[in-house]
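Structure at a glance
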Amino acid sequence: VRHVLTADQRQAFATDGFVELRGVVPKGLLSAASGVFQEAWDFCEKAWSEDAGDLSYRHPILNYPEFVRFLDSPELLSGPRDILGDQIQLVQYFPVYQEPRHWPSGREREPKRGWLHVPERLWHRDFSFTTGNGDLPVMVTLILFLDDVTEEHGPTVVLPGSHLASEAPPGLDVNLPFPGERGVPLEAGNALFLNACTLHSHRRNEASTHRRGLVLMFAYWWVKPDGFQFPLPSAALEDAPLGRRQLLGEEQPGRDLHLYEDL
Ligand SMILES: O=C(O)CCC(=O)C(=O)O
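Residues numbered from 1 in each chain as written. Predicted model: local features only at pLDDT ≥ 70, side-chain atom pairs only at ≥ 80, totals over all residues. Heavy atoms only, no water.

1. Digging into the overall build of the protein
Helix and strand counts for the protein come out as five helices and eight strands. Along the protein, helices (α) and strands (β) appear in the sequence α-β-α-α-α-β-β-β-β-β-β-β-α when read from the amino end. Over its C-alpha trace the protein gives a radius of gyration of 18 Å, about what one expects of a compact globule, namely 18 Å for 263 residues. In the protein, which comprises 263 residues, the share counted as buried stands at 52%. A separation threshold of at least 6 residues defines the contact pool for the protein, and within that pool the share at least 24 residues apart is 84%. For the protein, the accessible surface area stands at approximately 12,900 Å², while carbon and sulfur atoms represent 50% of it. Computed over 24 positive and 37 negative side-chain charges, the inter-centroid distance for the protein is 3 Å. (Helix = DSSP H or I, 4+ residues; strand = E, 2+ residues; numbered from the N terminus. Rg over C-alpha atoms; globule rule 2.2 N^0.38 Å. Buried < 20%, exposed > 50% of the residue type's maximum accessible area, 1.4 Å probe, protein only. Contact = heavy atoms within 4.5 Å. Areas by Shrake-Rupley, 256 points an atom, 1.4 Å probe, with all protein chains shown as cover. Lys, Arg positive; Asp, Glu negative; His and termini not counted. Charge placed at Lys NZ, Arg CZ, Asp CG, Glu CD.)

Put into structure tokens, the structure is as follows:
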């Protein structure tokens with residue numbers, strides 16, 4: 001595994017709770033995913049709905065081989081592996097989407113169909129078990145986009161240092177901008193790498209092009225993944241190399257829970 005985090009980046013990750021990783025998303029994966037993104041998004045929306053029935057999958061996006069392939073990329077996994085080592089597991093994986101001019105700037109502020117409920121911010125942690133220890137997160141998040149996300153596309157915003165406290169900063173309104181928030185514009189190919197306890201939010205897309213992204217969360221192998229009670233889509237395990245089987249909880253990373261050799 002190629003290590004991508006320098007000492008400075010590890011320090012920033014521990015202190016701020018996030019770092020931008022450049023060149024960790026192979027362009028070939030992005031272009032293949034672009035072709036099926038809309039279909040996969042529609043499929044996931046059905047799978048997330050209350051009447052999903054047979055479509056209730058763990059990680060429904062893995063119904064699409066184009067998205068399964070992200071899990072076989074050493075570059076993509078290098079950040080999470082730097083922090084979690086070989087005990088890494090995928091615990092959640094889903095697409096995010098905002099259509100072009102989803103929230104137009106200027107006089108015309110009418111939100112588009114289907115997005116009336118989307119607030120200006122939706123501050124959240126992906127994992128609320130804050131240990132106060134920035135060096136040893138239990139869960140980490142990777143956010144990446146298929147298209148360049150400029151200021152106009154509403155880059156993801158983070159609150160630096162918020163992973164260290166279990167309380168939200170005083171005065172934080174989950175639906176409003178907050179002083180000290182930092183937007184992270186991302187070119188396709190780069191990723192925002194977060195301690196999953198770091199408070200972050202989307203921003204609204206005011207650009208004339210799509211805002212299509214992926215969120216992947218990783219934790220130690222002994223954590224239960226989101227939707228553990230549901231089956232994996234069959235495409236997830238098709239021709240799966242050992243690394244992918246481990247990521248998906250089908251194989252242990254070592255002989256037993258203790259993993260003595262790590263001492
Ligand atoms: O869209 C974004 O910028 C962030 C998305 C996110 O954090 C989420 O959906 O959990």
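2. Examining the layout of surface pockets
One number sums up the size of the second largest pocket: a volume of about 220 Å³. In terms of lining, the second largest pocket is formed by 13 residues, of which the most central are Trp-48, Tyr-57, His-59, Pro-60 and Asp-226. Secondary-structure elements contributing two or more residues to the lining of the second largest pocket are helix H2 (27–48) and strand S2 (88–98). The dominant element in the lining of the second largest pocket, judged by the number of residues it contributes, is S2, at three residues. Looking at the lining of the second largest pocket residue by residue, the class counts come to seven nonpolar, four polar and two charged. (1 Å grid on protein atoms, 1.4 Å probe; cavity = no way out; pocket = protein on both sides within 12 Å on 5 of 7 lines; lining within 4 Å. Points joined across faces, edges and corners; volume = space filled by probe spheres on them. Nonpolar A, V, L, I, M, F, W, Y, C, P; charged D, E, K, R; others polar.)

3. Here's the deal with the site of the ligand
Neighbouring the ligand are the residues Phe-94, Val-96, His-124, Asp-126, Phe-145, Thr-156, His-200, His-202 and Arg-211. Interatomic distance of 2.7 Å between a side-chain N/O atom of Arg-211 and an oxygen atom of the ligand. Within the complex, the protein chains bury 86% of what would otherwise be the 290 Å² of accessible surface of the ligand. Here the shell around the ligand is built from residues that sort into three nonpolar, four polar and two charged. (Near = heavy atom within 4 Å. Polar contact = N/O pair within 3.5 Å; in protein donor to acceptor, adjacent residues only side chain to side chain.)

4. Some thoughts on helix H4 (residues 74–84)
Given 3.6 residues per turn, any residue in an α-helix points the same way as the ones three and four places further on. Where burial is concerned, most of H4 is hidden: nine out of the eleven residues are buried. Buried within H4 we find Leu-76, Leu-77, Ser-78, Gly-79, Pro-80, Arg-81, Asp-82, Ile-83 and Leu-84. Taken from the residues just after H4, Gly-85 is the one with a positive phi, measuring 65°.

5. Topic: H2
Largest kink in H2: about 55°, centred on Val-36. Of the residues making up H2, those classed as buried are Leu-29, Leu-30, Ala-33, Val-36, Phe-37, Ala-40, Trp-41, Phe-43, Cys-44 and Ala-47. Against the buried residues of H2 lie helix H3 (65–68), S2, strand S3 (139–145) and strand S8 (211–220). (Bend = angle between axes of the 7 residues up to and from the residue.)

6. Remarks on the environment of Gly-213
Position of Gly-213 relative to the elements: it lies in strand S8. Overall, Gly-213 belongs to the buried group, its relative accessible area being 0%. Here Gly-213 is in contact with Phe-37, Phe-94, Pro-95, Val-96, Leu-144 and Phe-145, once residues within four sequence places are set aside.

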